[in-house]
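Observations on chain architecture
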Amino acid sequence: MTYDFDTGERIADTPYDGATGNSGFVTEVADNAFRFTVKIAAAARAEQYRPVLQAVANELRAAGVADLTIAPGQFSLSPEPSATVPRHEIHFFTLPSGPCGAGFAGCAIAYQQGRASGKDFDNLVTAAKNWIYPVVDGYSPQNKHHVVAHEIGHALGLKHYDAPFQGVNQVMHPSKYDSSTFQNGDRAGLAYLGRDERPIGTLEPVTFPSSGKIRATGWAFDPDQWKAATVRITVDGGIVKQFDTSVNRPDVNAAYRLPSFAPRGFDVTFDVSAASHVVCMTVLNYPRDTYTPAGSCQTVTSKGALTSTRIQGGDRYESAAAVSRTAFPTSAPVVVVASGEAFPDALASGPVAAKLGGPLLLTQGTALTAPTKAEIARLKPSKIIVSGGTASINDAVVNELKKLAGSVVRVSGADRYETSRKLASYAFSSASVAFVASGDTFPDGLSAGAGAAGRGAPLLLVSSGPTAADAATGSLVKSLKATAVRVVGGTAVVSASTLNTVKASVADTQRVAGADRFLTSVAVAKNYFPTATSQVFVVNGLNFPDGLVSAPLAAVKKAPVFLSPGHCLNREVLTQMDRLGASQLTLIGGTTSLNADVAAGRIC
């Protein structure tokens, strides 16, 4: 609480030199924090000041520096300086005496609150009291207007200004009455003191600590007050949390040069349903008592009833057999066998197995693994396709396989690229679309294999850099009568030159890629799995064994395969699950490959 000339802020000449009219000042009351209801205290002399107060209010509103509403009637109000005045009110008294003592025409008390900057005098008036002494009753209308305007100026935080400003004495001059209305300096001071500095804050990327929960963290403060800010979190427009910031954020205080005694951060958790939601943050804008957006809204997808299951075995061979049992619970006419010790032949084999109606199983190159042998015996296929040459799977393994099926066919080429082409030629007499991925690395091939299998299309492998084999790839897709080719992965794994070589054979050759391997799997799912499904598959994108055998399963279940780093899911995976109406994650691999956080749907 401060008295008379101790209130407010002195306005220096320099910032306002040369100003004319309202130039350089707030020109809309909507941009100003000064909003007060003026209540006239009950007294016989009081009503003569109502039209003067209204004229002053009109003047301030027209200047855009304050919004004063003169309340009708008179009120029983306490003139004691210590008596509380409600926020946003100015109490106007016409008593014969006041707290400033004798010798004054009027007096004012401004009740202030410090702004967040903590600077001297950088305060915002929240309420005030005015006194007009009896001597003013006999003043001319002009001088009466001057005194009322002068005291209202004090009530709003201005102090005396005892020199001409731009050659004109201001209303806030302590003794000169030659300006009855607010002048440029007066208006400039009010514009500064009443500035509404909007709340500042950030809603940091939300996370999902568990199914049906969202954790929101961030920070906020209102420059117009030093204390903790009041924050609202809304979901789809409805309020789910309202709280004062309570977490210390030294980084925010340092960045905005704020005192350290008020907490600026928050960390809250709340329930959400299984759906896509828009999460927003608003902050109470003091002294308006309205909530102002701060930071950007986030559109997130929560799997409220998210469930998960695993398909796994003790090693890659047992896991492949487990995937086969899930996809083909009774039997299969064909089984494709590839090496589990390297990825290239198996990458191209997944879509072939899907096309022929059977699983892809893995084996060691020099010995038929027991889980694979047992699974083939269970399926009773009439044919087994062996992918790759003797360097990948030797003849001894092939001879063992011949004991399990009436027909065993080895399909191989001079290298991994030719092997992929020969596999495609063997299984596909035609294809409306063909997929192409790098045979030098596995991640995009895992995604491409699932997409190809889901579309009943082949997957052809190419080198990361341009080679003569690219022309052979183009010739093959043309011979298959493909009308479209989809190159999966960015230019770092499949060059633009390779794409253009294939495009010379099939004009509709386009690249499907994301910012990384995980988002590339999302891009494939988004484009090539359009049908609603109850589940999606997740494989480790940093290692290949479990993901190699997922393509036939994806085709059977008509569900996409997403890559994970092993400890979380990309946010876009949940977005795609929402699109597909999926509520179950089916993880292929054990907990060392995909941990419990992946099973819980934790966002990276």
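Residues numbered from 1 in each chain as written. Predicted model: local features only at pLDDT ≥ 70, side-chain atom pairs only at ≥ 80, totals over all residues. Heavy atoms only, no water.

Regarding the overall build of the protein chain
Using the following cut-off: Strands are runs of DSSP state E lasting at least two residues, helices are runs of H or I lasting at least four, and both sets are numbered from the N terminus onward. For the radius of gyration, the atoms used are the C-alpha atoms, and the globule rule reads 2.2 Å times the number of residues raised to 0.38. Only protein chains enter the accessibility calculation, which uses a 1.4 Å probe; a residue whose area is less than 20% of its type maximum is buried, one above 50% is exposed, and one in between is partly exposed. In what follows, a contact means two residues having at least one pair of non-hydrogen atoms within 4.5 Å. Only the protein chains shown count as covering a residue, and every accessible area follows the Shrake-Rupley method with a 1.4 Å probe.
Within the protein chain, the secondary structure is distributed over 17 helices and 26 strands. Taking 604 residues into account, the globule formula puts the C-alpha radius of gyration at 25 Å, and the protein chain, at 38 Å, lies well above it. A burial count over the protein chain gives 55% of its 604 residues as buried. For the protein chain, long-range pairs separated by at least 24 residues make up 72% of all intrachain contacts whose partners lie at least 6 apart in sequence. Total accessible area computed for the protein chain in this model is approximately 23,300 Å², and 52% of it derives from carbon and sulfur atoms.

Topic: the environment of Tyr-286
Tracing the backbone through its elements, the reader meets Tyr-286 in the loop between β12 (275-285) and β13 (290-293). A relative accessible area of 3% means that Tyr-286 is categorised as buried. Note: C-alpha distance between Tyr-286 and Asp-196 (90 residues apart in sequence) is 8.1 Å. For Tyr-286, the residues in contact, after removing those within four places along its chain, are Arg-87, Gln-113, Leu-124, Thr-126, Asp-196, Asp-222, Asp-224 and Gln-225.

Thoughts on the packing of helix α13 (residues 517-528) against helix α16 (residues 571-580)
Test applied: Orientation is described by lines fitted to C-alpha atoms, with helices fitted over the stretch in contact, and by angles between N-to-C directions that extend from 0 to 180 degrees. Reported orientations rely on four angle classes, namely roughly parallel under 35 degrees, roughly antiparallel over 145, roughly perpendicular from 65 to 115, and oblique for the rest. Working rule for handedness: look at the near helix, and if it is turned counterclockwise from the far one by less than a right angle, call the crossing left-handed; if clockwise, right-handed. Note on residue categories: nonpolar means Ala, Val, Leu, Ile, Met, Phe, Trp, Tyr, Cys or Pro, charged means Asp, Glu, Lys or Arg, and polar means any other residue, Gly included.
With their axes 10 Å apart at the nearest point, α13 and α16 run at an angle of 15° to one another. Here α16 runs roughly parallel to α13, going by the angle between their axes. With respect to the hand of their crossing, α13 and α16 are arranged in left-handed fashion. Of α16, the residues touching α13 (which contributes Leu-519, Val-522, Ala-525 and Lys-526) are Glu-572, Val-573, Gln-576 and Arg-579. A breakdown of the residues in the contact of α13 with α16 according to their chemical character gives four nonpolar, one polar and three charged.

Focus: the sheet that holds strand β8 (residues 213-221)
The strands making up a sheet associate through hydrogen bonds between their backbones, and the pairing can be parallel or antiparallel. Stated formally: DSSP bridges decide pairing: two strands pair if at least two such bridges lie between them.
Spatially, three strands are ordered β7-β8-β11 in an open sheet, and the strand pairing comes out antiparallel. Two strands close off the open sheet at either side, each with one partner strand: β7 (200-203) and β11 (265-271). For this sheet the average axis-to-axis angle between neighbouring strands, irrespective of direction, equals 25°. Both β7 and β8 contribute to a ladder of four bridges, which runs antiparallel.

Focus on the environment of Gln-510
Applicable threshold: Under the rule applied, a polar contact is a pair of N or O atoms within 3.5 Å (in protein, one hydrogen donor and one hydrogen acceptor; residues adjacent in sequence only if both atoms are side-chain atoms).
The residue Gln-510 is located in strand β23 (residues 509-512) in this model. Gln-510 gets classed as partly exposed once you look at its relative accessible area, which sits at 42%. Considering only alpha carbons, one finds Gln-510 and Val-538, 28 residues apart in sequence, at a separation of 25 Å. The contacts of Gln-510, once residues within four sequence positions are left out, are Val-485, Arg-486, Val-487 and Leu-499. Within the structure, Gln-510 has its side chain in polar contact with the side chain of Asp-508 (distance 2.7 Å).

Re unusual backbone geometry
A positive phi angle, near 55°, is found at Gln-166, a position not held by glycine. Tracing the sequence through the fold places Gln-166 in the loop between α2 (141-155) and α3 (184-193). Taking the relative accessible area as the measure of exposure, Gln-166 reaches 31% and is therefore partly exposed. Non-glycine residue Arg-257 carries a positive phi angle of around 55°. Locating Arg-257 in the fold gives a position in the loop between α4 (250-256) and β11.

Looking at the packing of aromatic side chains
Heads up, the rule is: Paired rings are identified among Phe, Tyr and Trp, the last through its six-membered ring, by centres lying within 6.5 Å, and are further divided according to the angle between planes into stacked (under 30 degrees), edge-to-face (over 60) and tilted (the rest).
Under the defined criterion, the tally for this structure stands at 14 aromatic pairs. Arranged with centres 5.2 Å apart and planes meeting at 20°, the rings of Phe-93 and Trp-131 form a pair that is stacked. Remark: Trp-131 occurs in strand β6 (residues 123-132) and Phe-93 occurs in strand β4 (residues 89-93); sequence separation between them is 38 residues. Here the two residues Phe-93 and Trp-131 agree in accessibility, since each one is buried.

Focus on the sheet that holds strand β17 (residues 360-363)
With parallel pairing, four strands are arranged side by side in an open sheet as β17-β16-β18-β19. If you trace the sheet from one side to the other, it starts and ends with β17 and β19 (407-411), each paired once. Mean inter-strand twist for the sheet, computed between neighbouring axes without regard to direction, equals 25°. Contacting β16 (334-339), β17 and β18 (383-387), helix α7 (residues 370-379) runs over the sheet at an angle of about 150° to β17.

A short note on the nonpolar core
For clarity, the threshold we go by: Buried Ala, Val, Leu, Ile, Met, Phe, Trp, Tyr and Cys residues that are joined via side-chain atoms within 4.5 Å together make up what is termed a nonpolar core.
With 85 residues, the main nonpolar core has Ile-384, Leu-401, Phe-435 and Val-477 as its most contacted residues. Those residues in contact with Ile-384 that lie beyond four places of it in its chain are Val-335, Val-337, Ile-376, Leu-401, Leu-404, Ala-405, Ser-407, Val-408 and Val-409.

Here we look at the pairing of strand β9 (residues 230-235)
Extensive coverage of β9 is indicated by the burial of five of its six residues. Inspection of the sheet shows β9 paired to strand β10 (residues 238-244) by six bridges, in the antiparallel sense. Directly across from Val-231, in β10, lies its bridge partner Phe-243. Where β9 folds back on β10, the antiparallel hairpin that results is connected by two residues, among which Asp-236 adopts a positive phi of roughly 55°.

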